[in-house]
Amino acid sequence: MRFLVLSFFCCVLLFSKVGLAEEPVVLPEGLEFPKSELSILDAQGTAHHFQIEVALTPVHQYYGLMFRPYLDPEYGMLYLYGTPQKVSFWTKNTLVPIDMLFFDKEGCVVEVHKNIPADSSQSTASQAPVKGVFEVKAGTADRLGLGVGDQLVLSIFGISPIQECRNRQKAS
């Protein structure tokens, strides 16, 4: 009887850990993301500063924020594309919910998607072609008052005043 009980618990443990469960994908050994800093100028002209990792290559873009158990409120992942394009994201294997800020080639925020659930196969897509996406911890956009027309400040965008983003947003 003791043998049967022990066998039963071993089978439960085995199948719950490996047998029927999908094996998690892990980051390739040595994969490192370029690090930088980014600021976002909001509607009041307040600069919000972030430490970022940059997803430039297809491998970086594939893994992004996967398998990270925590995301600091002043930290984010920046996805950049060579030319503006429509993009679509899912959060499969992303362990924390996120906000996504989609921006154009001048760094103007053109769409904000908030509180995207962790580990979801549901797609979040841009409505129009974008230069990139900035992912931050869920709730960050609301906490800082970030929205459409705000300006990402990063050397690749040069210096363009926030008013330009706001004027273009009103004209649309």
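Residue positions are counted from 1 within each chain, in the order its sequence is given. Only residues with pLDDT of at least 70 are given local features in this predicted model, and only at 80 or more are side-chain atom pairs given and counted; all residues enter the totals for whole chains, interfaces and linings. For side-chain calculations, the full set of non-hydrogen atoms in the structure is used, while hydrogens and water are omitted.

## Some thoughts on the overall build of the protein
Scanning the protein from N- to C-terminus turns up 4 helices and 9 strands. Two residues qualify as a contact provided that any one of their heavy atoms is within 4.5 Å of a heavy atom in the partner residue. A fraction of 67% describes how many contacts in the protein between residues 6 or more apart in sequence connect residues 24 or more apart. Split by element, the accessible area of the protein, about 10,000 Å² in all, is 61% carbon and sulfur. Put simply, DSSP marks the helices as runs of H or I at least four residues long and the strands as runs of E at least two long, and each gets a number from the N terminus on. All accessibility values rest on the Shrake-Rupley procedure with a 1.4 Å probe; residue burial counts only the protein chains present in the view.

## Side note on the pairing of strand 1 (residues 35-41)
Here the rule is simple: two strands pair whenever DSSP picks up at least two bridges between them. In the sheet, strand 1 pairs with strand 2 (residues 47-55) via 7 bridges, with the strands oriented antiparallel. By the bridge assignment, Leu38 is partnered in strand 2 with Phe50. Hairpin connection, strand 1 to strand 2: the antiparallel pair is bridged by 5 residues, and Gly45 has positive phi, about 85 degrees.

## Quick notes on unusual backbone geometry
Even without being a glycine, Phe67 presents a positive backbone phi close to 65 degrees. Relative to the assigned elements, Phe67 resides in the loop between helix 2 (58-63) and strand 3 (75-85). Given a relative accessible area of 23%, Phe67 falls into the partly exposed group. Backbone geometry places Asn93, a non-glycine residue, at a positive phi of 70 degrees. With respect to the helices and strands, Asn93 occurs in the loop between strand 4 (88-89) and strand 5 (98-103). Judged by relative accessible area, which is 18%, Asn93 ranks as buried. The rule is simple: take the accessible area with a 1.4 Å probe, protein chains only, and divide by the maximum for that residue type; under 20% is buried, over 50% is exposed, in between is partly exposed.

## Here's the deal with the environment of Tyr63
Along the chain, Tyr63 turns up in helix 2. A relative accessible area of 13% means that Tyr63 is categorised as buried. The spatial distance from the C-alpha of Tyr63 to the C-alpha of Pro28 is 9.2 Å, given a sequence separation of 35 residues.

## Things to note about the pairing of strand 6 (residues 109-116)
Of the pairings in the sheet, the one linking strand 5 to strand 6 comprises 5 bridges and is antiparallel in character. Within strand 6, the position partnered with Leu101 by the bridge is Val112. The turn joining strand 5 and strand 6, which pair antiparallel and follow one another in sequence, is formed by 5 residues; a positive phi near 85 degrees is taken by Gly107.

## Re the layout of surface pockets
Where empty space is left in the structure can be found by rolling a water-sized probe over the atoms. By volume, the largest pocket is sized at about 240 Å³. The wall of the largest pocket is formed by 17 residues, among which Gln61, Tyr62, Tyr79, Phe89 and Trp90 lie closest to the centre. Ranked by the residues each element gives to the lining of the largest pocket, the list is headed by helix 2, at 3 residues. Under the convention adopted here, Pro, Cys and the residues Ala, Val, Leu, Ile, Met, Phe, Trp and Tyr are nonpolar, Asp, Glu, Lys and Arg are charged, and Gly plus all remaining residues are polar. Of the residues that constitute the lining of the largest pocket, the class distribution is 10 nonpolar, 5 polar and 2 charged. Detection works on a 1 Å grid of protein atoms alone, calling trapped sets that fit a 1.4 Å probe cavities and calling open sets with protein on both sides within 12 Å along at least five of seven lines pockets, with lining residues defined by an atom within 4 Å of a point. Grid points are joined across faces, edges and corners, and a volume is the space filled by probe spheres set on the points.

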